[in-house]
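Summary of structural features
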Amino acid sequence: MIVIRSPQEIEKIRNSNKIVAEILGKFEKGVSAGISTLELDQLAEKIIRDRGGVPAFKGYRDFPASVCVSLNEQVVHGIPSKKRKLKNGDIASIDLGVLLDGYFGDSAITIGVGSISAKARKLMEVTKDALYVGIKEARAGNHLYQISQAVQEFVEGHGYSVVRDFVGHGIGTSLHEEPQVPNFKPDGNGMGPILKKGMVLAIEPMVNVGSYKVKVLKDNWTAVTVDRQLSAHFEHSIAVTDGEADILSVLN
Ligand code: MG
Ligand code: MG
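The following paragraphs examine the structure supplied in this document. Here the structure is a predicted model, which is why all the values come from computation and not from measurement.

Observations regarding the overall build of the protein
- Scanning the protein from N- to C-terminus turns up 4 helices and 15 strands.
- Taking 2.2 N^0.38 as the reference for a compact globule, 252 residues should give roughly 18 Å; the C-alpha atoms of the protein span a radius of gyration of 17 Å, in line with that estimate.
- Out of the 252 residues in the protein, the part that is buried amounts to 54%.
- Treating the 30 positive side-chain charges of the protein as one cloud and the 30 negative ones as another, the clouds have centres 4 Å apart.

So this is what it looks like as structure tokens:
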């Protein structure tokens, strides 16, 4: 069942997402080579707790940190580490979840460290644009997989691939709720459930330069591309309305 959230609930989901957006905004502006991925994690956790929130990922299925930092060929769920410092030319996907007052926020960005290759920049641009292409389809009356199909066609039209093993999701009083929001049109004729005003979705294309295939490393978390080519990830939490989606994981 896909939950329909009241306007009051949507404001609560927005409030938790604003903490997420504040932190990701800081990272977007201020991350440079030399900082360890653990320092990013500690900074995020401090801000979350200062704002009265709880890091949603910490302890989720025993994940050990507040943020996922996934570098270069890492797709998602990278574990922050004291040893791994950001280097010039890295791309870092930073995924963050916050619980505040019973409601969750979830958003992700990919940032370039120092000067990055044209190839990496293009991948990041296409992935970010794919997120907005998907968001555009998220409106009452559309079918869920119109989002999926639009993202897939856009990404594949640029010669990249969309990850199959991880998908977006509903979000609200749990971090992951129904429905799953794939970034590809699932097999079969159906276009999925009809979207209704008040549904809240985390849309999150994960885009690979090469094959869509990924595998999980021995740490049981870090997903990498099988061909070790670059991957990028952008995510927003949005509320479905009768018109344009209401993007909740932004500051204003
Ligand atoms: Mg996320
Ligand atoms: Mg998510």
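Let's pick the thread back up.
Here we look at the coordination of the magnesium ion (ligand 2)
- Looking at the magnesium ion (ligand 2), one finds its protein donor set to be D106 (OD), H169 (NE2), E204 (OE) and E235 (OE), positioned 2.1 to 2.2 Å from the metal centre.
- If you list the donors of the magnesium ion (ligand 2) from N- to C-terminus, the spacing comes out as D-x62-H-x34-E-x30-E.

What to know about the environment of N183
- Here N183 lies in the loop between β8 (177–181) and β9 (200–203).
- Residues N183 and M199, spaced 16 residues apart in sequence, show a C-alpha to C-alpha distance of 18 Å.
- Residues contacting N183, with those up to four places away along its chain left out, are S148, V151, Q152, V162, F166, E204, P205 and M206.

Concerning the packing of helix α1 (residues 7–30) against helix α2 (residues 37–50)
- Remark: α1 packs on α2, axes separated minimally by 10 Å, with the N-to-C direction vectors making an angle of 145 degrees. Here α1 and α2 pass one another in a crossing that is right-handed. Residues I19, E22, I23, K26 and F27 of α1 form the contact with α2, whose participating residues are L40, L43, A44, I47 and I48.
- Counted by class, the contact of α1 with α2 contains 8 nonpolar, no polar and 2 charged residues.

Comments concerning the sheet that holds β9
- The strand order β8-β7-β9-β14-β15 describes an open sheet built from 5 strands, whose pairing is antiparallel. Bordering the open sheet on either side are β8 and β15 (246–247), each of which pairs with just one other strand.
- Of the pairings in the sheet, the one linking strand β14 (residues 236–239) to β15 comprises 2 bridges and is antiparallel in character. Each bridged residue has a counterpart across the sheet, and for A239 the counterpart in β15 is D246.
- Against the sheet, helix α4 (residues 144–157) makes contact with β8 and β9, and its axis sits at roughly 35 degrees relative to β8, the strand it touches most.

Definitions and limits used
- Residues numbered from 1 in each chain as written.
- Chains lettered and ligands numbered in written order.
- Predicted model: local features only at pLDDT ≥ 70, side-chain atom pairs only at ≥ 80, totals over all residues.
- Heavy atoms only, no water.
- Helix = DSSP H or I, 4+ residues; strand = E, 2+ residues; numbered from the N terminus.
- Rg over C-alpha atoms; globule rule 2.2 N^0.38 Å.
- Buried < 20%, exposed > 50% of the residue type's maximum accessible area, 1.4 Å probe, protein only.
- Lys, Arg positive; Asp, Glu negative; His and termini not counted.
- Charge placed at Lys NZ, Arg CZ, Asp CG, Glu CD.
- Donors = N, O, S within 2.8 Å, 3.2 Å for Na, K, Ca; no water.
- Contact = heavy atoms within 4.5 Å.
- Axes fitted to C-alpha atoms, helices over the stretch in contact; angles between N-to-C directions.
- Left-handed = near helix turned anticlockwise from the far one by under 90°.
- Nonpolar A, V, L, I, M, F, W, Y, C, P; charged D, E, K, R; others polar.
- Pairing = 2+ DSSP bridges.

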